[in-house]
Amino acid sequence: MSLSVENVSKRFGRFAALDRVSLAAVDGEFLALLGPSGSGKTSLLRVLAGLSRPDEGRVLFGGEDFLRLSPRERRVGMVFQHYALFRHMTVADNVAFGLKVRPRRDRPPGTEIAARVKRLLALVQLEGLDKRYPAQLSGGQRQRVALARALAIEPRMLLLDEPFGALDAKVRRELRRWLRQIHDETGVTTVFVTHDQEEAMDLADRVVVLNAGRVEQIGRPAELQAAPATAFVFDFLGDSNRLPCKVVDGHAMFDGGFSAPALGPVRDAPHAVARFRPHEVDLAVEGGVPVTITHLSARGALIRAECQAEDGALFEVDLLRDATPGSLAAGAKVRLRPRRVFVFAEAAAT
Amino acid sequence: MTARRWIEPSVLPGFGPALGFTLFWLGLLVVLPLAALVARPWELGLEGFWRSVTEPRVLAALRLSFGAALAAAAVNVVFGLVVTWVLVRYDFPGRRFADAVVDLPFALPTAVAGIALTAIYAGNGWIGSFLEPLGIKVAYTPLGVLVAMVFVGLPFVVRSVQPVMQDLDAELEEAAETLGANPVQRVVKVILPALAPACVTGFALAFARALGEYGSVIFIAGNMPLVSEIAPLLIVIRLEQFDYAGAAAVGLVMLGLAALGLLTINLSQVILARRGAA
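Residues numbered from 1 in each chain as written. Chains lettered and ligands numbered in written order. Predicted model: local features only at pLDDT ≥ 70, side-chain atom pairs only at ≥ 80, totals over all residues. Heavy atoms only, no water.

A. Seen up close, helix H2 (residues 45-53) of chain B. Residue and element names in this part refer to chain B. Regarding H2, the residues found buried are Gly48, Phe49, Ser52 and Val53. In an axial view of H2, the angular spread of the buried residues amounts to 120°, which keeps them on one side of the axis. Summarising the geometry of H2, the exposed residues directed more than 90 degrees from the buried face are Leu46, Glu47, Trp50 and Arg51. (Buried < 20%, exposed > 50% of the residue type's maximum accessible area, 1.4 Å probe, protein only. Helix = DSSP H or I, 4+ residues; strand = E, 2+ residues; numbered from the N terminus. Arc of directions from axis to C-beta.)

B. Broad picture of the layout of surface pockets. All names here are of chain A. Counted as a void, the second largest pocket has a volume near 280 Å³. Lining the second largest pocket are 16 residues, with Leu243, Pro244, Asp255, Val289 and Asp311 positioned closest to its centre. At the level of secondary structure, the elements contributing two or more residues to the lining of the second largest pocket comprise strand E11 (241-248) and strand E16 (289-299). At three residues, E11 tops the list of elements feeding residues into the lining of the second largest pocket. (1 Å grid on protein atoms, 1.4 Å probe; cavity = no way out; pocket = protein on both sides within 12 Å on 5 of 7 lines; lining within 4 Å. Points joined across faces, edges and corners; volume = space filled by probe spheres on them.)

C. Molecular detail of the interface of chain B and chain A. Taken together, the 21 residues of chain B in the interface contact 24 residues of chain A. Together, the buried faces of chain B and chain A total about 2,100 Å²; carbon and sulfur atoms form 63% of this surface. Scanning the region where chain B abuts chain A turns up one salt bridge. Its salt-bridge partner being arginine 46 of chain A, residue glutamate 174 of chain B comes within 2.7 Å of it at the nearest N-O pair. The tally of links between chain B and chain A comes to four residue pairs in polar contact (both at pLDDT 80 or more). Put simply, the parts of the chain that give the side of chain B that touches chain A at least two residues each are helix H9 (170-178), helix H10 (183-212) and helix H13 (244-276) of chain B. The element contributing the most residues to the side of chain B that touches chain A is H9 of chain B, with seven residues. Split into classes, the residues belonging to the side of chain B that touches chain A amount to ten nonpolar, five polar and six charged. (Contact = heavy atoms within 4.5 Å. Buried area = accessible area lost by both parts, 1.4 Å probe. Salt bridge = Lys/Arg side-chain N within 4 Å of Asp/Glu carboxyl O. Polar contact = N/O pair within 3.5 Å; in protein donor to acceptor, adjacent residues only side chain to side chain. Nonpolar A, V, L, I, M, F, W, Y, C, P; charged D, E, K, R; others polar.)

D. Structural detail: the packing of helix H3 (residues 91-100) of chain A against helix H4 (residues 110-123) of chain A. Residue and element names in this part refer to chain A. H4 packs onto H3 with a crossing angle of 125° between their chain directions and a minimal axis gap of 10 Å. When the interaxial angle is binned, H3 and H4 end up oblique. Note on packing geometry: the crossing formed by H3 with H4 is right-handed. Along the contact surface, H3 presents Val91, Ala92, Val95, Ala96, Leu99 and Lys100, while H4 presents Ile113, Arg116, Val117, Leu120 and Leu121. For the contact of H3 with H4, a count of residues per class yields nine nonpolar, no polar and two charged. (Axes fitted to C-alpha atoms, helices over the stretch in contact; angles between N-to-C directions. Parallel < 35°, antiparallel > 145°, perpendicular 65-115°, else oblique. Left-handed = near helix turned anticlockwise from the far one by under 90°.)

E. Highlighting the state of the cysteines. For the structure on display, the rule yields zero disulfides over all chains. Cysteine cysteine 245 of chain A remains unbridged, with the sulfur of cysteine 307 of chain A as its closest cysteine sulfur at 19 Å. (Disulfide = S-S within 2.5 Å.)

F. Geometry of empty space enclosed by the protein. Residue and element names in this part refer to chain A. Applying the stated criterion across every chain, the model contains two cavities of 30 Å³ or more. Volume-wise, the largest cavity comes out at about 40 Å³. Every residue along the wall of the largest cavity is listed here: Val79, Gln143, Arg144, Leu147, Leu160, Pro163, Phe164, Leu175, Trp178 and Leu179. Looking at the lining of the largest cavity, the elements with two or more residues in it are helix H5 (139-152) and helix H6 (169-186). Within the lining of the largest cavity, the residues separate by chemical class into eight nonpolar, one polar and one charged. Considered as a void within the structure, the second largest cavity measures approximately 40 Å³ in volume. Considering the residues around the second largest cavity, the lining is formed by Glu162, Phe164, Gly165, Arg172, Thr194, His195, Asp196 and Glu199.

Shown next, in the form of structure tokens:
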């Protein structure tokens, strides 16, 4: 079923956790809410779950006014960062909880509950651990129990609040791939909160970038990379270099007499800041920012060079290892020339 | 083959002296007096001991002491939970004051508490005068014993459960709610099981305190032999009659039964705790 959030605001005292947030998800979509801490992503998720009421705005789900329903009536599956498993229950009892608390007339018979628990534990690859207690499981296993528990009620929507935040990097990548698989199998509309842009880009159909309670941009991962709408989105989605410039007719002109095509909303500006990614830089012999390489580090096929200009500005540059002369070393003086840059309206203020 | 060590080596220094001191201290303060108690009654001989502790008056006193202490602990667990719930879960004017009031039974000399309770529950007291027409007599009956024991035991339950309830993760209840549990189910299936180990601790402490309570009980009980006389009082009476062996005999039976009771409670605690935190 489709989800529609319209102008939702939520304040805590004078702090606006959500400021007129609007977004929509189609049936079966995997949506990521991405932002730094304090950006409102968890507040929004709690509004969707019914654990918190917005001050203003509407939430529609399948055309139904969601705000009128209690969390119990919404039938959404919620997965918390710290699992929130019931410690005094076995894994099987945790998973069965949502079925066992149903009123008698809606409750499946015991044998069916047991069968469904078994099926779910197979789905999350925890067969044979049904008699264990949560304390006897690893973090990754606990989170899979939490997901099975949320799926047991056949949720109309799945909400995940930084579910992999407390796990180490390797387990995280594994669970990420596996979560996407489960989503594709069950086809349930999923909203996923994360502060890890790589996770959001990797998992989601579309990403909602939040900052200070507002939506900065909504788009497919590739769209966000190709056409970030604001300086915040550009900076949040990857490493970013900055260089003052002036923009004339879609070209960023730099001191030293070189220029680069300027992408982004600003076509003409006397004072602006050009932003560019480390991998969109060439080393030039002349016509470029004169810098000194301070540090080189190998990263697979790339070499990351940290550079410092005479005025102290720092730049990060990724060079292809195979195309880089072996003589390049820390202390070398080179010139950087961005291949293309982004210029945003807000950037002028910074 | 490596020899199994008696203790695992610890990075903390001073295990030897610390253990030595602990054993010395426990021995001096707890074991030695109790050993004297265990040794004393046998001057009556096995048969004399048996006769001494199976007198109807002794049996009635033991029954009252243990029965009322168990009942008081049970009452305290139920109402202590309610009090704790209110103190922890709601914010209201005077909450800190109410929180402090809980500790008063700790601090009050028990005789003062006994006199105050007696004054209130006597037939002409504030509460007693309302209960009397209903045919309920509290002061000078076993019910009075129960009231006094409930009074002294309350803080133990509240202070045992309070920190655990404070640390209870709100996400647990939220998870239960999104899974469809109604408020009663959330309390019964999620919150109470999480509090169970602390409740058992509070029960054990309140039980132990009520069993050993003397000062407040003797004022309100009326101390009628076979009816409202508690075992500790019987011990005092025997001591006053210079029947030291007879007093020690009752004391020894109390010690044995109390140890048995606490052991049972602690065992159930271990079982409860093992489920949560293996």
